[in-house]
Amino acid sequence: MSLAESASDISPVSTKGNGYWAGVLRRLRRDPVSVVCLAVILALILAAVLAPWLGLQDPYKGSMIARLKPIGTEGHLLGTDEQGRDMLARLIYGGRLSLFMGLVPVVLAFFIGGALGVTAGYAGGRVNTAIMRVVDVFFAFPSVLLAIAISGSLGAGVTNSLVSLTIVFIPPITRVAEAVTSGVRSLDYIDAARATGASALTVIRVHVLGNVLSPIFVYATSLTSVCMILAAGLSFLGIGVKPPQAEWGLMLNTLRSAIYINPWLSALPGVMIFVTSLCLNLLSDGLRSAMNVRD
């Protein structure tokens, strides 16, 4: 989904208190695909959060004797990895870091990019030019290459990966925020609010944000799966999460050598990444349809 499509297809909506959000939830519940995807995401989050209380084996305790046990081995439902660590425990604990790396950068970029975009869209003129030209510099680079370049310069680690991914997603969110705010700024009720003598901050807080937050939020949710895949890619390349932490991209990297010995075992982290990103994408599409209501 391109930025132009996001800005044009998602029109500003006038929220009508609880009635609007109740309608969004009602329409979302009528979409069976979104309901199933939401259930899968919630199950993954619950499993990751409750991992210490699920009676799993130690995800960091290995055994050279029990290396690369196949799926279905007694005591190891999903087998063991190249160091004899339980794969089920590694996958569930890995979901903690993988989901964290997919959500946090998008949330940070939503607030930072949203603030920049709303400011640029409402102020216009030189302020808009200054903000958007700086954003265009970062936006000119493909997201994958930009994430690799920033992570490579900062070094491996969770914190550096979060910083690099946040920087990557600020420009697209800023562009969408600027586009929808520019459209709202020219509406009659904004001119009427200005005519009453309301300050720019008051107009933005009371009249603008209610109409632009929804499209910005929906677009940001569509980036979550991309962020998780990018985070896994950084770990796979060795410039993301450091061993021995459990993370799906890092697990894919360490299990490469076992692909000819136990291919099904090697594919498990990739399956988790695929299923999670697919559910996040479909849920984002369902949320976008539920919120895209023209009054």
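Calculation criteria
Residues numbered from 1 in each chain as written. Predicted model: local features only at pLDDT ≥ 70, side-chain atom pairs only at ≥ 80, totals over all residues. Heavy atoms only, no water. Helix = DSSP H or I, 4+ residues; strand = E, 2+ residues; numbered from the N terminus. Buried < 20%, exposed > 50% of the residue type's maximum accessible area, 1.4 Å probe, protein only. Contact = heavy atoms within 4.5 Å. Areas by Shrake-Rupley, 256 points an atom, 1.4 Å probe, with all protein chains shown as cover. Lys, Arg positive; Asp, Glu negative; His and termini not counted. Charge placed at Lys NZ, Arg CZ, Asp CG, Glu CD. Expected span 1.5 Å × (residues − 1). Arc of directions from axis to C-beta. Phe/Tyr/Trp six-rings, centres within 6.5 Å; stacked < 30°, edge-to-face > 60°. 1 Å grid on protein atoms, 1.4 Å probe; cavity = no way out; pocket = protein on both sides within 12 Å on 5 of 7 lines; lining within 4 Å. Points joined across faces, edges and corners; volume = space filled by probe spheres on them. Nonpolar A, V, L, I, M, F, W, Y, C, P; charged D, E, K, R; others polar. Axes fitted to C-alpha atoms, helices over the stretch in contact; angles between N-to-C directions. Parallel < 35°, antiparallel > 145°, perpendicular 65-115°, else oblique. Left-handed = near helix turned anticlockwise from the far one by under 90°. Core = buried A, V, L, I, M, F, W, Y, C linked by side-chain atoms within 4.5 Å. Patch = residues over 30% accessible without salt bridge, like charges linked within 9 Å, V, L, I, M, F, W, Y side chains within 5 Å. Salt bridge = Lys/Arg side-chain N within 4 Å of Asp/Glu carboxyl O.

Caption draft 1: Structural view of the overall build of the protein. Each helix and strand counted, the protein has 12 helices and zero strands in total. Secondary structure of the protein in N-to-C order comes out as α-α-α-α-α-α-α-α-α-α-α-α. The 295 residues of the protein split such that 45% are buried. Within the protein, counting contacts between residues at least 6 apart in sequence, those at least 24 apart form 73% of the total. Accessible area of the protein: about 14,500 Å², with a carbon and sulfur share of 68%. Between the mean site of the 21 positive side-chain charges and the mean site of the 15 negative ones, the protein shows a separation of 4 Å.

Caption draft 2: Quick peek at helix α5 (residues 125–139). The end-to-end C-alpha distance of α5 is 20 Å, a good match for the 21 Å that 15 residues give at a rise of 1.5 Å each. By the burial criterion, the buried members of α5 are Asn128, Ile131, Met132 and Val135. Looking down the long axis of α5, one finds its buried residues gathered within 90° of arc, a one-sided arrangement.

Caption draft 3: Structural view of the packing of aromatic side chains. Under the defined criterion, the tally for this structure stands at two aromatic pairs. Each ring, one from Phe110 and one from Phe217, has its centre 6.3 Å from the other, and the planes form 80°; the classification is edge-to-face. Highlighted residues: Phe110 in helix α4 (residues 87–123) and Phe217 in helix α9 (residues 200–222), separated in sequence by 107 residues. In this structure Phe110 comes out as buried when scored by relative accessible area, which is 16%. An aromatic cluster is present here, built from Phe110, Phe111 and Phe217 joined pairwise through their rings.

Caption draft 4: Examining the side chain of Thr276 more closely. Within the secondary structure layout, Thr276 lies in helix α12 (residues 263–291). The exposure class of Thr276 is buried, given its relative accessible area of 0%.

Caption draft 5: Representation of the layout of surface pockets in the model. Estimates place the volume of the largest pocket at around 490 Å³. Taken together, 21 residues form the lining of the largest pocket, with Leu103, Phe217, Thr221, Thr224 and Leu287 sitting closest to its centre. The dominant element in the lining of the largest pocket, judged by the number of residues it contributes, is α4, at six residues. Looking at the lining of the largest pocket, its residues break down into 18 nonpolar, three polar and no charged. When its volume is computed, the second largest pocket comes out at roughly 170 Å³. Looking at the second largest pocket, it is lined by 13 residues, and the ones nearest its centre are Phe139, Ser143, Val168, Phe169 and Pro172. For the lining of the second largest pocket, the secondary-structure elements that each account for two or more residues are α5, α6 (143–154) and α7 (158–185).

Caption draft 6: Representation of the packing of α6 against helix α10 (residues 224–237). It is the contact of α6 with α10, at a shortest axis distance of 11 Å, that shows an interaxial angle of 50°. Between α6 and α10, the angle is such that the two are oblique. Of the two possible hands of crossing, α6 and α10 adopt the one that is right-handed. Residue-level inspection shows Ser143, Val144, Ala147, Ile148 and Ser151 of α6 in contact with α10, the latter providing Leu230, Leu234 and Leu237. Here the residues of the contact of α6 with α10 sort into six nonpolar, two polar and no charged.

Caption draft 7: Summary view of the nonpolar core. Core analysis: the largest hydrophobic core is formed by 37 residues, its most contacted members being Leu165, Phe169, Ile173, Val212 and Ile216. For this core, the secondary structure elements donating two or more residues are α4, α6, α7, α8 (188–195), α9 and α10. If you tally residues by element for this core, the top one is α7, at 10 residues. By size, the runner-up hydrophobic cluster in this structure holds 15 residues, among which are Leu44, Trp248, Leu255 and Ile273.

Caption draft 8: Broad picture of the environment of Gly117. Relative to the helices and strands, Gly117 is located in helix α4. Overall, the relative accessible area of 0% leaves Gly117 in the buried class. In this structure, the C-alpha to C-alpha distance between Gly117 and Thr174, residues 57 residues apart in sequence, is 4.3 Å. Excluding residues within four positions of it along the chain, Gly117 makes contact with Thr174, Ala177, Glu178 and Thr181.

Caption draft 9: A nonpolar patch on the surface, seen in detail. A grouping of Leu38, Leu42, Ile45, Leu46, Val49, Leu50, Trp53 and Leu54 is seen on the molecular surface, where their side chains present a nonpolar patch of about 770 Å² in accessible area. Turning to its location among the elements, Leu50 is positioned in the loop between α3 (32–49) and α4. The class for Leu50 is partly exposed, based on a relative accessible area of 40%.

So far we have only geometry, and geometry alone does not tell us how the molecule works.
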